Protein chains: 2
Amino acid sequence: MALIVQKYGGTSVGSVDRIEKVAEKLIHSKQQAHDLVVVVSAMSGETNRLMLLANEIDANPVPRELDVLLSTGEQVTIALLCMALEKRGFPARSYTGTQVQILTDSAHNKARIKDIGDANIRQDLDQGRIIVVAGFQGVDDKGNITTLGRGGSDTTAVALAAALQADECQIYTDVDGVYTTDPKMVPEARRLERVTFEEMLELASLGSKVLQIRAVEFAGKYNVPLRVLSSFEDGPGTLITYEEENMEEALISGIAFNRDEAKLTIVGVPDQPGIASMILEPISDANVEVDMIVQNIAADSTTDFTFTVHRNDYTRAMDILKKISADLQAREVTGDNKIVKISLVGVGMRSHAGIASKMFRTLAAEAINIRMISTSEIKISVVVDEKYLELGVRALHEAFELEKA
Amino acid sequence: MALIVQKYGGTSVGSVDRIEKVAEKLIHSKQQAHDLVVVVSAMSGETNRLMLLANEIDANPVPRELDVLLSTGEQVTIALLCMALEKRGFPARSYTGTQVQILTDSAHNKARIKDIGDANIRQDLDQGRIIVVAGFQGVDDKGNITTLGRGGSDTTAVALAAALQADECQIYTDVDGVYTTDPKMVPEARRLERVTFEEMLELASLGSKVLQIRAVEFAGKYNVPLRVLSSFEDGPGTLITYEEENMEEALISGIAFNRDEAKLTIVGVPDQPGIASMILEPISDANVEVDMIVQNIAADSTTDFTFTVHRNDYTRAMDILKKISADLQAREVTGDNKIVKISLVGVGMRSHAGIASKMFRTLAAEAINIRMISTSEIKISVVVDEKYLELGVRALHEAFELEKA
């Protein structure tokens, strides 16, 4: 008898009708003799509705009370889902974060899980009940309601799976798995049977927003097998797990990309220690997040320093750079907000040379000029002109034969 | 430093705007150096909205999950009210039923309070915080969320006032107090400064629906001074308390009435023991609530048995009576659904004779025929034809000089 933790997001429980469909899916799983723990989000739109009420009162409502308010969203869903299960004759029991004892720290609106009590849930499971848990919320050691921050329901599911030593944690979403790249851009894109935690982290952070990154980290840390599936159609989805001996021998798992990049370069600054932090500190102080950072060693005693930011932050970052360029005796400041990033991701590339050169050759064959390069253990990213995004991704997908299993 | 418990109902917190107004009122009370514990209901309409969601799934949703669902209504209000207080610089803290530990039995949807934990609230009061508690909800000894049934927020307030030994429990409503009768019917109707718990029970059950009857019983039992005030205008309201030596020497406190009555008579049944229960049992089995019951001793060996029901139940009750009349060898069954009940209420009548005769004389002077009479220690009720309702109430109000303090 396998113990499965399933998680359904806001869209999957966005109406009474959809909640009834989730109930049917759960009953199907239950009939396959699984012990079931289900984590649900607030019905889509509900969290925003509550947030608007709060903001009518205060643009920055007190964090403790915001958690009291927002946590009602998931509480509504767990009650309705249990009603739908009980109506169909399947004993169910709802749990708020407080009732489970999802113990968190006291950082309201962005709490982190410290411990999970499992005694009550295990007792209910032993009695054949389906357990329905409110995602996104917990309780601190003083009994205050906390929330894990938006999208935290994935983390709730993974943490519960870890605490209960579940056989699998299944995240139901509006896609049927993790793909080699965006199928909207490349029709040949293929659903991956498996992907490693590390690859998933790179794919998620680079824009394939299937799972909350914290949940993937958590699953990796506690070695919880994680599966992404579709709420709306049947299928095996994609299993996210540790690298195994018998895993697919692919060099590259997928191609991620990011449309919203902008790059800024400060040209001809003295090539001396501390220069990078002198540039990045004021950027960071302005709460601008920096993605890629590249610095080349220069021929003369100066160097060029380039980094990328979200396109929305481009103007602000540029203003800051211009202000500090005099102090840094920079020759000039340049930038471009019509760029994109394309990344090859795969644990296979750790042990195989030649991936990078094949990537650059493929792009060159399509006359795509590479403006920046950055690499990690399992990822190579290039920045190219915006107009080459689709061409570059398609050419790479074909060159690395990602359509083949 | 007085400790005051205040309660605001759904209409008083029916919008963000009104919640902000309640916050202003609380701050005014706080500035008068009162320790404040506030009980709030769900925003008006919210409980119905949640109930509709539940009924989309199941006409009879599982009671435990209905409580999980409905309790979110008050949780939203406590969070918003605390945000409004904190924005104005007044430290506040919200409490769900679980967080207070309003311990109830496990009778979901109609739970009764067994005990109230006050340690956390006292600690927060000592730190100068305004305490905002979700009405209508509690928790059983296993941590399940319970609700006290509709309108139970009044009971929450009274129970908290009793547990905290508050100096006064103030119930804010949309009326500014308890009146000698309905001011819509009698413009001279006067707000009572004081009324006893017993009078209030009779006035409430007879249709002056200002307070939940269970809350009044509770307040009487624990001797909590209860005050009814208006949420929307200033004023002293009406204090509900035990009879005191120096209380107003009025014989009659008020005139209650009920428009929705219907009466049924089974004529000429054998005057023998057990006949009353043979008539009322099938009525009660059909969930028809009976109000007044009158039986006269008859001259021959038969008697007439009359009772009143809510007008909506008239046809059903009549069908039942007709069915059983043969078994009871009754002569006939008659009824009238165009009647009303008028009641004089006052603890003063306990020790004063002549109230009844003055009442009957007053009605006779207006040529109002009395169809039924029923009395209790502090109440005399008569049933008259519907058309005489306003005339009867006005004549009695004048005869007993209720407009004078």
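Residues numbered from 1 in each chain as written. Chains lettered and ligands numbered in written order. Predicted model: local features only at pLDDT ≥ 70, side-chain atom pairs only at ≥ 80, totals over all residues.

Examining the overall build of chain A
Logical step 1: Counting its secondary structure elements, chain A contains twelve helices and 18 strands.
Logical step 2: In terms of principal-axis extent, the alpha carbons of chain A reach across some 75 × 55 × 35 Å.
Logical step 3: The long-range share in chain A, meaning contacts at least 24 apart out of those at least 6 apart in sequence, stands at 74%. (Helix = DSSP H or I, 4+ residues; strand = E, 2+ residues; numbered from the N terminus. Contact = placed C-beta atoms within 7 Å.)

As for the pairing of strand β9 (residues 168-173) of chain A
Residue and element names in this part refer to chain A.
Logical step 1: The buried fraction of β9 is high, at five of six residues.
Logical step 2: Of the pairings in the sheet, the one linking strand β1 (residues 3-8) to β9 comprises five bridges and is parallel in character. Its bridge partner being in β9, Lys7 is matched across the sheet by Ile171.
Logical step 3: With five bridges joining them, β9 and strand β11 (residues 226-230) adopt parallel strand pairing. Bridge pairing in β11 links Tyr172 to Leu229. (Buried ≥ 20, exposed ≤ 12 C-beta atoms within 10 Å, placed from the backbone. Pairing = 2+ DSSP bridges.)

Description of the sheet that holds strand β14 (residues 290-295) of chain B
All names here are of chain B.
Logical step 1: Within the open sheet, the six strands sit side by side as β14-β15-β13-β16-β18-β17. Their pairing is antiparallel. Among the strands making up the open sheet, the edge pair consists of β14 and β17 (370-376). Taking each pair of neighbouring strands and ignoring which way they run, the sheet shows an average axis angle of 30 degrees.
Logical step 2: For strand β13 (residues 254-270) and strand β16 (residues 332-345), the ladder comprises eleven bridges, and the chain directions are antiparallel. Residue Leu264 lies in a different strand from β16, and its bridge partner there is Gly335. (Axes fitted to C-alpha atoms, helices over the stretch in contact; angles between N-to-C directions.)

With respect to the interface of chain A and chain B
How big an interface is tends to be expressed through the accessible area that disappears when the partners come together.
Logical step 1: Facing the 27 residues of chain A at the interface are 27 residues of chain B.
Logical step 2: Those elements that provide at least two residues to the side of chain A that touches chain B are α1 (16-31), α2 (46-57), α3 (63-87) and α4 (97-100) of chain A.

Points about the relation of the copies chain A and chain B
Put simply, the two copies of the chain differ by a rotation about an axis and a shift along that axis.
Logical step 1: If you rotate chain A by 180 degrees and push it 0.1 Å along the axis, it lands on chain B with an RMSD of 0.1 Å. A rotation of that kind, with that shift, is consistent with a two-fold axis. No C-alpha of chain A lies nearer the rotation axis than that of Thr72 of chain A, which sits 2.7 Å from it.
Logical step 2: With an isologous cut-off of 70% or more, the 100% of interface residues of chain A that recur at the interface of chain B puts this contact in the isologous class. (Least-squares fit on C-alpha atoms with pLDDT ≥ 70 in both.)

Section: the nonpolar core
Logical step 1: Leu81 of chain A together with Leu81 of chain B are the most contacted members of the largest nonpolar core, which totals 223 residues.
Logical step 2: With residues near it in sequence (within four places) discarded, Leu81 of chain B still touches Val13, Ile19, Val22, Ala23, Val40 and Val132 of chain B. (Core = buried A, V, L, I, M, F, W, Y, C linked by C-beta atoms within 7 Å.)

Some details on the domain arrangement of chain A
Logical step 1: In terms of domain boundaries, chain A breaks down into domain 1 (3-173) and domain 2 (255-399).
Logical step 2: A separation of 40 Å is found between the C-alpha centroids of domain 1 of chain A and domain 2 of chain A. (Domains from an automatic or database assignment.)

Points about the environment of Gly89 of chain B
Logical step 1: Note on placement: Gly89 of chain B falls in the loop between α3 (63-87) and β3 (92-95).
Logical step 2: Through-space distance from the C-alpha of Gly89 of chain B to that of Ile27 of chain B is 9.8 Å; in sequence the pair is 62 residues apart.

Let's talk about the sheet that holds strand β6 (residues 130-134) of chain A
Residues and elements named next belong to chain A.
Logical step 1: Reading across the sheet, the eight strands line up as β3-β6-β2-β1-β9-β11-β12-β10 and stay open at both edges, with mixed pairing between neighbours. Edge positions in the sheet fall to β3 (92-95) and β10 (194-196), since each has one partner strand and no second. Within this sheet the neighbouring strands show an average axis-to-axis angle of 20 degrees, counted without direction.
Logical step 2: Pairing of strand β2 (residues 35-40) with β6 involves four bridges; the strand directions are parallel. For Val37, the partnering residue across the bridge sits in β6 and is Ile131.
Logical step 3: Sheet contacts for α3: β2, β3 and β6; angle to β6, the most-contacted strand, approximately 165 degrees.

Considerations on the pairing of strand β1 (residues 3-8) of chain B
All names here are of chain B.
Logical step 1: Where burial is concerned, most of β1 is hidden: five out of the six residues are buried.
Logical step 2: The pairing of β1 with strand β2 (residues 35-40) spans six bridges and is classified as parallel. The residue bridging Gln6 from the neighbouring strand is Val38, located in β2.
Logical step 3: In this fold, the crossover linking β1 to β2 by way of helix α1 (residues 16-31) has right-handed handedness. (Right-handed = clockwise from strand over helix to strand, strands pointing away.)

Some thoughts on the packing of helix α6 (residues 153-163) of chain A against helix α8 (residues 213-221) of chain A
Residue and element names in this part refer to chain A.
Logical step 1: Two numbers describe how α6 lies on α8: the axes approach to 8 Å, and their chain directions differ by 10 degrees. What the angle tells us is that α6 and α8 run roughly parallel. Residues Asp154, Thr155, Val158 and Ala159 of α6 touch α8, and the partners they reach there are Arg214, Ala215, Phe218 and Ala219.
Logical step 2: A per-class count over the contact of α6 with α8 returns five nonpolar, one polar and two charged. (Parallel < 35°, antiparallel > 145°, perpendicular 65-115°, else oblique. Nonpolar A, V, L, I, M, F, W, Y, C, P; charged D, E, K, R; others polar.)

Remarks on the confidence of the model for chain A
Logical step 1: Residues of chain A with pLDDT of at least 70 account for 95%, and the chain-wide mean is 90.
Logical step 2: Interface confidence in the predicted complex, given as ipTM, is 0.80; pTM for the same model is 0.82. (pLDDT = per-residue confidence, 0-100.)

Here's the deal with the environment of Pro225 of chain B
Residue and element names in this part refer to chain B.
Logical step 1: Structurally, Pro225 is set in the loop between α8 (213-222) and β11 (226-230).
Logical step 2: A residue is classified by how many C-beta atoms lie within 10 Å of it, and Pro225, with 16 of them, is partly exposed.
Logical step 3: As for Pro225 and Asp319, which are separated by 94 residues in sequence, their C-alpha atoms are 46 Å apart.
Logical step 4: Discounting chain neighbours no more than four positions away, the residues touching Pro225 are Glu168, Cys169, Leu239 and Thr241.

Notes on the packing of α2 of chain A against α3 of chain A
All names here are of chain A.
Logical step 1: Interaxial distance between α2 and α3 falls to 9 Å at its minimum, and their mutual angle equals 155 degrees. Relative to α3, the element α2 is oriented roughly antiparallel. Here the hand of the crossing between α2 and α3 comes out right-handed. From α2, Glu46, Thr47, Leu50 and Ala54 reach across to α3, where they touch Leu66, Leu69, Leu70, Thr72, Gly73 and Val76.
Logical step 2: Of the residues belonging to the contact of α2 with α3, the class tally is six nonpolar, three polar and one charged. (Left-handed = near helix turned anticlockwise from the far one by under 90°.)

Notes on helix α12 (residues 389-399) of chain A
Residues and elements named next belong to chain A.
Logical step 1: Along α12, the residues that are buried comprise Gly392, Val393, Leu396 and His397. Seen end-on, α12 carries its buried residues on one side only, within an arc spanning 125 degrees.
Logical step 2: Close packing links the buried residues of α12 with β13 (254-270), β16 (332-345), α11 (355-365) and β18 (379-385).
Logical step 3: In the segment just after α12, Glu401 is the residue with positive phi, at about 50 degrees. (Arc of directions from axis to C-beta.)

Digging into unusual backbone geometry
Residues and elements named next belong to chain B.
Logical step 1: Not every positive phi belongs to a glycine, and Asn109 is a case in point at roughly 75 degrees.
Logical step 2: Its place among the elements puts Asn109 in the loop between β4 (102-104) and β5 (113-116).
Logical step 3: You can call Asn109 partly exposed: it has 15 C-beta atoms within 10 Å.
Logical step 4: Non-glycine residue Gln329 carries a positive phi angle of around 55 degrees.
Logical step 5: Mapped onto the elements, Gln329 comes out in the loop between α10 (314-325) and β16.
Logical step 6: Given 10 C-beta atoms within 10 Å, Gln329 falls into the exposed group.

A look at the environment of Gly45 of chain A
Residues and elements named next belong to chain A.
Logical step 1: Inspection of the secondary structure assignment puts Gly45 in the loop between β2 and α2.
Logical step 2: A tally of 13 C-beta atoms within 10 Å means that Gly45 is categorised as partly exposed.
Logical step 3: In this structure the C-alpha to C-alpha distance between Gly45 and Thr77, which are 32 residues apart in sequence, comes to 12 Å.

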